[in-house]
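For reference, the chains in residue letters:
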Amino acid sequence: MKRSRTSINFAPYRTGTAGDAGETHAQGLSPYPAALPTMARRVGAMVGPAGGAAVNAKPASAWHDLASEALFQALGDNAYELDREFRFVTFNAGCAAYYGTPTEAALGRPVWDVMPGSRGSWLEVFLREAMATRRPARVERSGVVRPDRSVEVTAFPTSRGLGVAFRDRTAEHHAAETLRESEAWLRLAQQAGGVGTWEWDVATGALRWSEECHRIHGTDPCCPVTVESWREGIHPEDQARVQAELATLLASPRTGWEVEFRYRRRSDGTERWIVGRGEVVCDVAGRPLRMLGVSLDVTERRAAEARLQLALEAGRMAVFELDVAKDAVVGSPELNRLFGFPPHAEPTREERRARYFPGEREQLLRIGREALARGERFFEAEFRCVWPDGSVRWLLLRAEMVSGADGRVTRVLGVLVDVTDRKAAEAALGETDERLRLATEAAEVGFWDIDPVAGTLVWSPRVYAIFGVPPGTPVGRADFLNRLYPDDRAVVETAYAAAANPAQRAPYDVEYRVLGREDGTVRWVASKGRGLFDKAGRCIRVIGTAIDVTGRKQAEAALAEREVELRRLNETLEHRVSEAVAAREDAQARLAHAQRMEALGQLAGGIAHDFNNVLQAVQGGARLIEAAPGDAPRVLRLARMVADAAKRGAAVTRRLLAFSRRAELRAEPTDVTDLLTAIQEVLAHTLGAGIRIELSIEPRLPPLFADKGQLETALVNLAANARDAMAGQGVITLSAAAALFAGDEPRRPPRLGPGAYVRLGVRDTGEGMTPEVLARASEPFFTTKPEGKGTGLGLAMARGFAEQSGGALHIESTPEIGTTVALWLPVADAELPAAAPAIAPQAGERTAQVLLVDDEAAVRDITAEGLRAAGYAVRPAASAAEALAHLDAGGVVDILVSDLSMPGIDGLALVREAQRRQPGLPAILLTGFVTDAAELAMGGALSGAFTLLRKPVEPAALAERMAVLLEGREAEGGRRAGVGTGRDADRR
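Thresholds, definitions, all that
- Residues numbered from 1 in each chain as written.
- Predicted model: local features only at pLDDT ≥ 70, side-chain atom pairs only at ≥ 80, totals over all residues.
- Heavy atoms only, no water.
- Helix = DSSP H or I, 4+ residues; strand = E, 2+ residues; numbered from the N terminus.
- Buried < 20%, exposed > 50% of the residue type's maximum accessible area, 1.4 Å probe, protein only.
- Contact = heavy atoms within 4.5 Å.
- Areas by Shrake-Rupley, 256 points an atom, 1.4 Å probe, with all protein chains shown as cover.
- Pairing = 2+ DSSP bridges.
- Axes fitted to C-alpha atoms, helices over the stretch in contact; angles between N-to-C directions.
- Phe/Tyr/Trp six-rings, centres within 6.5 Å; stacked < 30°, edge-to-face > 60°.
- Lys NZ or Arg CZ within 6 Å of the ring centre and 35° of its normal.
- Left-handed = near helix turned anticlockwise from the far one by under 90°.
- Expected span 1.5 Å × (residues − 1).
- Polar contact = N/O pair within 3.5 Å; in protein donor to acceptor, adjacent residues only side chain to side chain.
- Parallel < 35°, antiparallel > 145°, perpendicular 65-115°, else oblique.
- Nonpolar A, V, L, I, M, F, W, Y, C, P; charged D, E, K, R; others polar.
- pLDDT = per-residue confidence, 0-100.
- Salt bridge = Lys/Arg side-chain N within 4 Å of Asp/Glu carboxyl O.
- UniProt positions renumbered as here; feature names shortened; annotations may be inferred.
- Arc of directions from axis to C-beta.
- Core = buried A, V, L, I, M, F, W, Y, C linked by side-chain atoms within 4.5 Å.

Within an unreviewed UniProt entry, the label attached to the protein chain reads histidine kinase, and the organism entered is Paracraurococcus lichenis.

Structure follows, in structure tokens:
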């Protein structure tokens with residue numbers, strides 16, 4: 001950028017002394033005129049003393065001219081002298097070099113001829129005015145001969161005319177402009193990067209801040225700042241630390257000082273995190289003179305680091321960097337937790353290596369080397385580590401290997417994720433799959449899956465065997481159709497088309513014959529399934545089961561043949577009748593067995609479908625959580641979906657156990673009147689207009705003790721059977737009465753022990769049952785309804801429920817009059833519980849102490865977290881022995897929660913021992929098994945010794961049951977003490 005000054009300064013001059021040889025100079029101007037007297041003296045020294053003979057031979061003016069010329073030649077910058085006609089009388093070497101004109105060529109010539117372009121220019125105006133006024137002047141303009149340069153010209157009068165000196169200041173202006181631009185860029189960089197600079201004069205205490213430094217601290221750049229005012233803004237908790245570090249630094253100066261602290265901004269009062277970095281400048285004696293440094297606002301960085309740390313902790317993840325040469329690891333705090341170390345511990349290399357499961361560190365190294373051999377930088381592996389308590393954790397490693405110039409790995413950057421829960425879920429799913437596989441193999445049920453979109457067909461090994469095809473052989477729908485018996489192909493095609501039709505969506509239920517591809521055997525197959533459709537209504541899958549029913553078909557054929565033979569021989573050979581009857585009964589028995597197997601296969605197909613849906617939700621949700629651990633809202637939503645799927649799986653398990661009469665029940669005191677009134681309202685709207693529902697309930701009935709949900713289901717099923725028996729027209733009476741048995745009363749149902757019961761009855765006015773039918777009415781799979789109208793399981797399941805609840809089922813029926821089905825259920829010892837939510841400790845109260853015992857670490861940890869979230873203090877124990885040791889040591893325990901099945905001392909024995917040590921201690925048993933569950937529930941719950949809950953149990957349900965037990969204990973304690981009831985009374 002070119003700069004010029006248009007003003008011309010004329011300053012008064014004075015005539016020099018005799019020693020100055022008559023030269024004039026301007027005061028306060030550039031060094032050129034100011035240096036003239038001195039230069040004149042130097043010239044005088046060079047030519048010798050005034051009294052010398054050689055000197056006296058020249059006139060005085062000649063000596064003056066010689067001194068003037070020597071002066072102009074000695075000036076370091078460009079200078080020349082003009083006579084009064086503006087001709088060059090002196091033209092020094094600097095001018096000759098600058099203008100490219102030799103000195104000899106310029107002397108005696110007018111300035112306008114030597115300097116092209118000077119005629120009529122500002123230079124002519126400047127020189128003529130200076131010559132006329134005889135006063136020193138200065139001007140700065142663009143050059144005349146070299147317009148691209150900026151020159152400063154100084155003129156002063158001489159005895160011969162006018163002396164002129166000039167300097168080329170172009171480089172100075174460029175340097176100044178560059179400096180200003182650099183300063184501007186520095187300010188912009190400081191503002192963009194949030195970096196402020198500062199300088200502290202240690203001796204005077206003066207503190208200077210840049211504008212960005214003022215902005216960071218929230219101060220006004222126009223107001224002075226002191227060290228004291230800066231210290232006042234530091235957070236009180238950080239002031240002593242910062243002051244101590246400054247004192248240490250000044251006592252022994254060093255480079256690379258850094259401190260991080262909180263600072264309250266004066267402008268808005270907000271608290272910011274600031275990092276200060278600086279160095280001390282010392283004198284030659286090593287004493288601190290001043291300190292230079294920068295300040296950075298790192299508030300957002302710390303917040304981001306905190307959010308990252310929370311995300312890593314929530315996802316149980318850690319990031320790390322391994323320096324291969326040093327074998328040193330640097331990682332986030334979660335890295336220590338994943339290996340079982342305290343968060344801020346600094347384990348040695350040997351300590352960290354000792355946590356690897358034997359042989360798995362070597363396996364990781366081998367996987368990394370194999371990836372490098374394939375030319376890959378990234379690798380992934382799963383391995384185990386062992387915590388100090390002996391528990392084994394599964395970790396997922398995803399790592400990137402960074403190589404140096406020589407190709408060797410220098411660093412490894414990676415992420416570790418705790419996948420122990422996922423591994424446990426996969427193991428549980430594997431066990432479920434194995435149980436399902438065993439069940440289907442035992443029932444000889446096969447599965448098939450058709451994808452109409454992709455045109456693929458998947459068979460289970462059992463279906464391969466049915467079709468006589470080696471397992472694993474690729475098959476398609478065409479292979480399936482080609483193996484069908486020709487007469488059955490059209491039936492199968494029609495059934496499949498109806499199932500895959502979005503408008504029909506009919507169940508796929510067909511029986512057909514197949515020809516074994518390898519053995520040529522003809523087999524009968526019963527196949528059931530259904531189509532799955534997307535939101536657009538397109539069929540995307542058809543899945544189902546296949547059962548080999550050749551035996552049943554053969555039995556049916558044999559039965560038909562025997563019936564023909566019986567009719568033919570009935571009149572001729574009486575003695576062969578008995579043999580034929582025996583054969584017929586045998587065939588019927590085999591047919592019944594085949595029918596039971598078919599029903600079990602149908603049931604297994606439905607169970608498989610339900611479990612596959614559950615497994616899909618659990619597995620898919622777990623994978624999605626693993627893929628995005630940092631997305632907290634998404635992880636929460638997926639976790640709830642997995643929990644809901646687990647609940648559906650639990651519901652399927654309960655239905656299966658109820659069918660096998662081994663389901664564990666959640667018994668509770670139930671008001672009979674409320675129950676039957678509610679069921680009457682439901683049945684009145686569901687059984688049809690031709691059915692009237694009546695109630696017959698004794699007054700003041702005690703509450704019965706049973707699973708309310710299962711009881712409602714049983715009563716509704718019995719009412720539906722009653723409606724079918726009356727062909728949709730008649731009266732159903734729901735009755736309830738108390739009964740007390742002390743011995744072998746004649747009307748007591750078989751296998752019903754002495755005790756107090758409530759008898760619930762469902763009486764209809766239907767056709768009744770014959771004695772033969774009545775004798776088999778509660779057998780599984782027995783039914784008198786038309787084919788497709790009943791499963792034969794309703795009465796069997798009701799009987800199983802009653803017996804498992806500690807009661808019995810009894811049926812009375814008279815043909816043409818009606819049937820009464822009675823459920824005998826035990827009376828509850830306790831009163832009906834009031835609805836009470838889980839009670840969290842209130843402010844000022846002592847937190848309830850829970851002794852939680854479970855040998856499964858994962859179950860124990862999850863249960864403990866749920867109880868802590870509900871407000872309880874939890875003392876976990878891994879065994880009954882550990883729990884009893886805690887009680888023997890005087891540990892405070894308000895309630896005991898234990899697993900039922902544990903190695904060594906089981907949960908039941910633990911409850912007895914704990915209540916022997918601490919009488920009246922409330923206890924809850926949790927179990928995932930069903931063996932003897934009913935006996936335990938009846939014996940323990942009815943006596944008040946403990947409560948039995950079946951796994952999986954929701955944390956809220958467990959906390960609610962604990963709250964009820966604790967409230968009951970506190971109320972009982974208050975009554976014994978005679979000071980009232982409640983939580984405070986129990987703690988006085």
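Resuming the write-up.
Draft legend 1. Structural context of the overall build of the protein chain. Helix and strand counts for the protein chain come out as 33 helices and 36 strands. Classification of the 988 residues of the protein chain by burial places 41% in the buried group. Taking as baseline every contact in the protein chain between residues at least 6 positions apart, the subset at least 24 positions apart corresponds to 56%. Summing over all exposed atoms, the protein chain offers an accessible surface of approximately 51,800 Å²; the carbon and sulfur share of this is 55%.

Draft legend 2. How the structure looks around the sheet that holds strand 28 (residues 730–741). Strand order in the open sheet formed by 5 strands is 26-28-29-31-30, with mixed pairing between adjacent strands. Each edge of the open sheet carries a strand with a single partner, namely strand 26 (691–697) and strand 30 (808–814). Averaged over all pairs of adjacent strands, the angle between their axes in this sheet comes to 20°, without regard to strand direction. When strand 29 (residues 755–763) meets strand 31 (residues 818–826), the two strands line up antiparallel, connected through 7 bridges. By the bridge assignment for strand 31, Gly761 is matched with Ala822. This element, helix 27 (residues 794–804), spans strand 30 and strand 31 of the sheet and lies at about 140° to strand 30.

Draft legend 3. Up close: unusual backbone geometry. Even without being glycine, Asp327 reaches a positive phi, approximately 55°. Looking at the element boundaries, Asp327 is found in the loop between strand 15 (317–323) and strand 16 (328–331). Unlike most non-glycine residues, Arg505 shows phi in positive territory, near 50°. The residue Arg505 is located in the loop between helix 20 (489–500) and strand 22 (508–515) in this model.

Draft legend 4. Spatial organisation of the sheet that holds strand 34 (residues 895–899). One open sheet holds the 5 strands; their spatial order is 33-32-34-35-36, and the pairing between them is parallel. Every other strand in the sheet has two partners, leaving strand 33 (873–877) and strand 36 (947–950) as the edge strands with one partner each. The sheet shows a mean angle of 20° between the axes of neighbouring strands, direction not considered. Relative to strand 36, strand 35 (residues 923–927) runs parallel, the two sharing 4 bridges. Opposite Ile924, over in strand 36, you have Thr947 as the bridge partner.

Draft legend 5. Looking closely at the packing of aromatic side chains. Taken as a whole and assessed by the stated rule, the structure comprises 16 aromatic pairs. Here Tyr98 and Phe166 contribute two aromatic rings whose centre-to-centre distance is 5.4 Å and whose plane-to-plane angle is 65°, an arrangement assigned as edge-to-face. A residue pair is termed long-range when its members are at least 10 positions apart, and Tyr98 in helix 5 (residues 93–99) and Phe166 in strand 8 (residues 161–168) qualify at 68 residues. The pair Tyr98 / Phe166 is uniform in exposure class, with both members buried. Aromatic ring contacts, followed pair by pair, group Tyr80, Phe88, Phe91, Tyr98, Tyr99 and Phe166 into a single cluster. For Arg477, the ring lying beneath its charged end belongs to Tyr496, and the centroid distance is 4.0 Å. Cation over ring: Arg505 sits above Phe533, and NZ or CZ is 4.1 Å from the ring centre.

Draft legend 6. A look at the packing of helix 25 (residues 708–725) against helix 27. The interhelical angle for the contact between helix 25 and helix 27, taken along N-to-C directions, is 150°, at an axis separation of 10 Å. For the crossing formed where helix 25 meets helix 27, the hand is left-handed. Across from Gln710, Leu711, Ala714, Leu718 and Asn721 in helix 25, the residues of helix 27 making contact are Leu795, Ala798 and Phe801.

Draft legend 7. Looking closely at helix 25. Between its first and last C-alpha, helix 25 extends 26 Å over 18 residues, near the 26 Å set by a 1.5 Å rise per residue. Along helix 25, the positions that sit buried rather than exposed are Gln710, Leu711, Ala714, Leu715, Leu718, Ala719 and Ala722. In this structure Asp707 caps helix 25, since a side-chain oxygen of it lies 3.1 Å from the backbone nitrogen of Gln710. Just downstream of helix 25, Ala727 is the residue with a positive phi angle, here 55°.

Draft legend 8. Highlighting the packing of helix 29 (residues 880–888) against helix 30 (residues 907–917). Remark: helix 29 packs on helix 30, axes separated minimally by 11 Å, with the N-to-C direction vectors making an angle of 5°. Comparing the axis directions of helix 29 and helix 30 gives the class roughly parallel. Of the residues in helix 30, those touching helix 29 at Ala880, Ala883, Leu884, Leu887 and Asp888 are Leu910, Glu913, Ala914 and Arg917. Of the residues assigned to the contact of helix 29 with helix 30, the class counts are 6 nonpolar, no polar and 3 charged.

Draft legend 9. Highlighting the side chain of Ser735. Along the chain, Ser735 falls in strand 28. Residues in contact with Ser735, not counting those within four places in the same chain, are Leu676, Ser696, Arg759, Leu760 and Gly761.

Draft legend 10. Expanded view of the confidence of the model for the protein chain. For the protein chain, the average pLDDT comes to 78, and 75% of its residues sit at 70 or higher. Every residue in residues 1–64 scores below 50 in pLDDT, and together they form 102 contacts with partners more than four places removed in sequence or on other chains. Predicted confidence is poor over residues 591–603, with pLDDT under 50, and the contacts of this stretch with residues over four places away or in other chains come to 19 contacts.

Draft legend 11. Quick look at the pattern of salt bridges. Evaluation of the coordinates by the stated rule reveals 52 salt bridges. Note that Arg917 and Glu913 form a salt bridge whose closest N and O atoms lie 3.0 Å from each other. On the criterion of helical spacing, the pair formed by Arg917 and Glu913 is a turn pair, its members being 4 residues apart in helix 30. Since its relative accessible area comes to 29%, Glu913 is described here as partly exposed. Sharing partners across several salt bridges, the network here consists of Glu140, Glu152, Arg167, Arg169 and Glu172.

Draft legend 12. Geometry of the UniProt feature "modified residue: 4-aspartylphosphate" (unreviewed entry) in the protein chain. The UniProt feature table records "modified residue: 4-aspartylphosphate" (unreviewed entry) at Asp899. Mapped onto the elements of the fold, Asp899 is located in strand 34. Since its relative accessible area comes to 7%, Asp899 is described here as buried. Contacts of Asp899, omitting those with residues within four sequence positions, involve Val853, Asp854, Asp855, Gly907, Leu925, Leu926, Thr927 and Lys951.

Draft legend 13. Structural view of helix 30. Along helix 30, the residues that are buried comprise Gly907, Leu908, Leu910, Val911 and Ala914. Around the axis of helix 30, the buried residues are gathered within 160° of arc, so they sit on the same side. Across helix 30 from its buried face, at more than 90 degrees, point the exposed residues Arg912 and Arg916. Sitting at the amino-terminal end of helix 30 is Asp906, which places a side-chain oxygen 3.4 Å from the backbone nitrogen of Leu908.

Draft legend 14. Expanded view of the pairing of strand 14 (residues 288–297). Bridge count between strand 9 (residues 195–201) and strand 14: 7 bridges; the pairing is antiparallel. Within strand 14, the position partnered with Glu199 by the bridge is Leu292. Bridge count for strand 13 (residues 271–282) against strand 14 is 9 bridges, and the pairing is antiparallel. Bridge pairing in strand 14 places Glu279 opposite Leu292. Between strand 13 and strand 14, which follow one another and run antiparallel, lie 5 residues, and Gly286 among them has a positive phi close to 85°.

Draft legend 15. Summary view of the nonpolar core. In terms of nonpolar packing, the biggest core is built from 36 residues, with Val672, Leu704, Leu711, Leu715, Ile732, Leu760 and Leu823 touching the most fellow members. Take this core: its biggest share by element is 6 residues, from helix 25. Setting aside anything within four residues of it in sequence, one finds Val672 in contact with Leu701, Pro702, Leu704, Ala736, Val758 and Leu760.

Draft legend 16. The environment of Gln243, seen in detail. Take Gln243: it is sitting in helix 12 (residues 236–251). Judged by relative accessible area, which is 35%, Gln243 ranks as partly exposed. Separated by 12 residues in the primary sequence, Gln243 and Arg231 have C-alpha atoms spaced 8.4 Å apart.

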